[in-house]
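Fold and geometry: a report
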Amino acid sequence: MLDGRVPPAEVARDAEDAELLARYGPLVAAGPRLVLAQLGQSLDGFVAARTGDARHVTGEEDRRHLHRLRALVDAVVVGVSTVAADDCLLTVRGVSGPSPVRVVLDPRGRAPRAARLLAEGPPVLWCVAGGADEPAPPPHVEVVRLPAPGGAFAPAEVLAALATRGLGRVLVEGGGRTVSAFLAAGVLDRLLVTTAPLLVGDGVPGLRFAGADRLADALRPPARRFALGEDSCLELDLAAARAARHP
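Residues numbered from 1 in each chain as written. Predicted model: local features only at pLDDT ≥ 70, side-chain atom pairs only at ≥ 80, totals over all residues. Heavy atoms only, no water.

**With respect to the nonpolar core**
By size, the foremost hydrophobic cluster in this structure holds 32 residues, and its most contacted members are Val103 and Leu162. In terms of residue count, the dominant contributor to this core is helix α5 (residues 155-163) (4 residues). Discounting chain neighbours no more than four positions away, the residues touching leucine 162 are Ala75, Val77, Val103, Leu125, Leu167 and Val170. If you look at the next biggest cluster of nonpolar residues, it comprises 31 residues, including Leu36, Val141, Leu192 and Cys233. (Core = buried A, V, L, I, M, F, W, Y, C linked by side-chain atoms within 4.5 Å. Buried < 20%, exposed > 50% of the residue type's maximum accessible area, 1.4 Å probe, protein only. Helix = DSSP H or I, 4+ residues; strand = E, 2+ residues; numbered from the N terminus. Contact = heavy atoms within 4.5 Å.)

**Some points on the side chain of aspartate 62**
Residue placement: aspartate 62 occurs in helix α2 (residues 60-71). Nearest to the buried, unbridged aspartate 62 among oppositely charged side chains is arginine 63, at 6.7 Å. At a separation of 2.6 Å, a polar atom in the side chain of aspartate 62 contacts the side chain of threonine 58. Each residue touching aspartate 62, except ones within four places of it in the same chain, is listed here: Gln38, Gly40, Thr194, Leu228 and Asp231. (Lys, Arg positive; Asp, Glu negative; His and termini not counted. Salt bridge = Lys/Arg side-chain N within 4 Å of Asp/Glu carboxyl O. Polar contact = N/O pair within 3.5 Å; in protein donor to acceptor, adjacent residues only side chain to side chain.)

**Section: the pairing of strand β4 (residues 101-105)**
Counting buried positions over the 5 residues of β4 gives 5, a clear majority of the element. With 5 bridges connecting them, strand β3 (residues 75-79) and β4 associate as parallel partners. Within β4, the position partnered with alanine 75 by the bridge is valine 101. Between β3 and its parallel partner β4, the chain crosses via helix α3 (residues 80-86), and the hand of that crossover is right-handed. Bridge count for β4 against strand β5 (residues 124-129) is 4 bridges, and the pairing is parallel. Looking across to β5, one finds that arginine 102 is bridged to valine 124. (Pairing = 2+ DSSP bridges. Right-handed = clockwise from strand over helix to strand, strands pointing away.)

**Observations regarding the pairing of β5**
Where burial is concerned, most of β5 is hidden: 6 out of the 6 residues are buried. Burial of β5 is two-sided: the residues Val124, Trp126 and Val128 facing one way and the residues Leu125, Cys127 and Ala129 facing the other way are all buried. Of the pairings in the sheet, the one linking β5 to strand β6 (residues 141-146) comprises 6 bridges and is parallel in character. Counterpart to valine 128 in the pairing with β6 is arginine 145.

Pasting the structure below:
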């Protein structure tokens, strides 16, 4: 599947192969333009503790799942707060496959200059606003200037900038505010949320957006569920929900 083709079901050698084919085959079959988002959260809806600690919200199986998603996309997108809090690399390490281009949304150019993804690894697109200080990046980092009215990038503008660079398959990985912004903008095709049997009580919330006043009007897209160890992943087909509303 890493070459963009879905093999026939009969090539599966065992139950694990069949499960992976069923889980990721539809994402590969979606073609060269696909926008995914992924979140790992506690049962009560938090992606980190109140201190910002987000390590091990979900388990090892979900981390492998995340690395598989990275291997199937052209670019992975995070907000600068995720870079500052987690010092993430955003590479594929837990499974076989290529690492995507890493995209940092940083309107004010405040990413820590010592961040690991700015120092090493695959290419980085460092998205900053027109009035931000000019970063001085290393050779593997390209500074991308984007308009940021109100101090934030429009998700559609970000995706358009990636598309012009041939990056049509995109994973929006974090944090909660960034994923919520892409969801609210209506540009996500799939949303994958992994929930752990963990109660945080108070912390950094996951999805937050202006919803409907009535539950009858709430977004209820087609969904798939699968287990990731003790965690449970729910995949929402937002593209199908849009098509149903606007046939």
